[in-house]
Each structure stands twice: as structure tokens, then as C-alpha cells.
Amino acid sequence: MVLVTACSEQSIRQGVDFMPLTVDYRENTYAGGRIPGGFFKREGRPTEREILTCRLIDRGLRPLFPDGYYRETQVIAWVVSADDDFSPDIYGISGASLALLLAADIPYEAALAGVRVARVDGRFVVFPTYEESERSELELVVAGTEDALAMVECGANELPEQVILDALDLAHREIKRIIAL
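Anyway, here's the lowdown on the structure attached to this text. (Residues numbered from 1 in each chain as written. Predicted model: local features only at pLDDT ≥ 70, side-chain atom pairs only at ≥ 80, totals over all residues. Heavy atoms only, no water.)

Now for the state of the cysteines. Within this structure, the stated rule accounts for zero disulfides. No disulfide involves C7; its sulfur sits 15 Å from the nearest other cysteine sulfur, which is in C54. On the basis of relative accessible area, C7 is assigned to the partly exposed category, the value being 42%. (Disulfide = S-S within 2.5 Å. Buried < 20%, exposed > 50% of the residue type's maximum accessible area, 1.4 Å probe, protein only.)

What follows is the structure, given as C-alpha cells:
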């Protein structure tokens, strides 16, 4: 479970000519059933993985705000519960979009969803497990709307272009299914 919230300042600060969007994603140890002990009793600064996930969420959301929207906006995604099989980070993309759509005072109109696609043993797997991701020759993270893809991040092991295009097509079909929900 990932809890995502969104809020926006009501006024624009003087001199701001850009979209001040802050995205924070945190996977606390209690979400996986572990409580830190010993010297470190609390969570520390965000991990590299958490920072990269913040960037994934930001890159998908930012182009979908209207031009000239300069109010400070904050999106926070907290992993409340996670298992040892699936990565919860990708759910932050869809959750952030939903939180922004539900916020009455934020002019955000497009539904965005995110999916992860892997290619294991020659077949595509949507939302792969950690074990499948390790064996995968392709790891693709895609965020998109019903009409287009907004963000693509890919790591692959020398695959033909057609395989990548097929993976992108599969990802967009899954994105459309998620948005329809």
C-alpha cells in the first residue's frame, strides 16, 4: 500500500516563473515489517532508490500541469506496507496522479499511470517480481496518459529495436487499463 497526498499553495510567490513541484517518496523499514534498532532508531535521509523514484514521479507529472501554473505544489508518497516480492515504487506514479486529480484546487486534468515491464526468458512480464527483474534482459518503466507516453526509463541488454517497441506498446495498453479503473 502506498499513501499519496498532494497539496498546493493558494498564492504565487513574487518572482517565480517556473513550476515549483516537490515530490517526496519514502520506503520506511516498518513497511516491510522491520523496526530499526541499535544506534539507528529512526529512518535517515532518503536512499538513492527513493531519490530516483521521486524523479520518476516528477518527470511523469510535470508536463501535465497547465502552462503558467506557478503555485508551489507538493506530492508525498509513503509506502505503508510492502512485501518481499514486488517493488512498491511504481505505484507512486499512479497514486500521485490520482491525488492531484482529486485535489479540487490544483488544475491537473490528465490521469497518469505507471507500469514496469521486464522481459524474462523471451516473454514480457508486467509488474515483475524482484526475482524476475534480476533475471530480466529488459527493465522498462513507463508513465503515460490514455493518449500518449509521458516518461520512459529503460535498461536493456542489447535488444532489437522491435522488442523495445513491443514492450512500449504493451506498457501503454496496461496504462490504459489502469486509467480506466
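A separate point is unusual backbone geometry. Phi angles above zero are rare outside glycine, and D121 is one such case at about 55°. Tracing the backbone shows D121 in the loop between β4 (113-120) and β5 (123-126). With a phi angle near 55°, F127 is a residue other than glycine that sits in the positive phi range. With respect to the element layout, F127 can be found in the loop between β5 and α3 (130-135). (Helix = DSSP H or I, 4+ residues; strand = E, 2+ residues; numbered from the N terminus.)

Ordered by their spatial adjacency, four strands build an open sheet running β5-β4-β6-β7, and the pairing between neighbours is antiparallel. Of all strands in the sheet, those with a lone pairing partner are β5 and β7 (149-156), marking the two edges. Strand-to-strand twist in this sheet, taken as the mean axis angle between neighbours without regard to direction, amounts to 20°. Here six bridges tie β4 to strand β6 (residues 138-144), and the two strands are oriented antiparallel to one another. Bridging from a neighbouring strand, A113 pairs with G144 of β6. Helix-sheet contacts for helix α1 (residues 48-61) involve β6 and β7, and the interaxial angle to β7 is about 145°. (Pairing = 2+ DSSP bridges. Axes fitted to C-alpha atoms, helices over the stretch in contact; angles between N-to-C directions. Contact = heavy atoms within 4.5 Å.)

Strand order in the open sheet formed by three strands is β1-β3-β2, with mixed pairing between adjacent strands. Each edge of the sheet is formed by a strand with only one pairing partner; in this case those strands are β1 (2-8) and β2 (21-26). Going from strand to strand, the sheet's axes swing by 10° on average, the running direction of each strand aside. Pairing geometry for β1 and strand β3 (residues 73-79), over seven bridges, is antiparallel. Within the sheet, the bridge partner assigned to L3 lies in β3 and is W78. Running at roughly 140° to β2, α1 makes contact with β2 and β3 of the sheet. Along the sheet, helix α2 (residues 91-102) contacts β1 and β3; its crossing angle with β1, the most-contacted strand, is approximately 40°.

Attention now moves to the packing of aromatic side chains. Scanning all chains against the criterion turns up three aromatic pairs. Measuring from centroid to centroid gives 5.5 Å for F65 and Y69, while their planes differ by 10°, and the two rings are stacked. Y69 sits in the buried class, given a relative accessible area of 7%. Here a set of aromatic residues connected by ring pairs shows up, and it is made of F65, Y69 and Y108. In this structure, R119 is placed above the aromatic ring of F124, and the distance from its NZ or CZ to the ring centre is 6.0 Å. (Phe/Tyr/Trp six-rings, centres within 6.5 Å; stacked < 30°, edge-to-face > 60°. Lys NZ or Arg CZ within 6 Å of the ring centre and 35° of its normal.)

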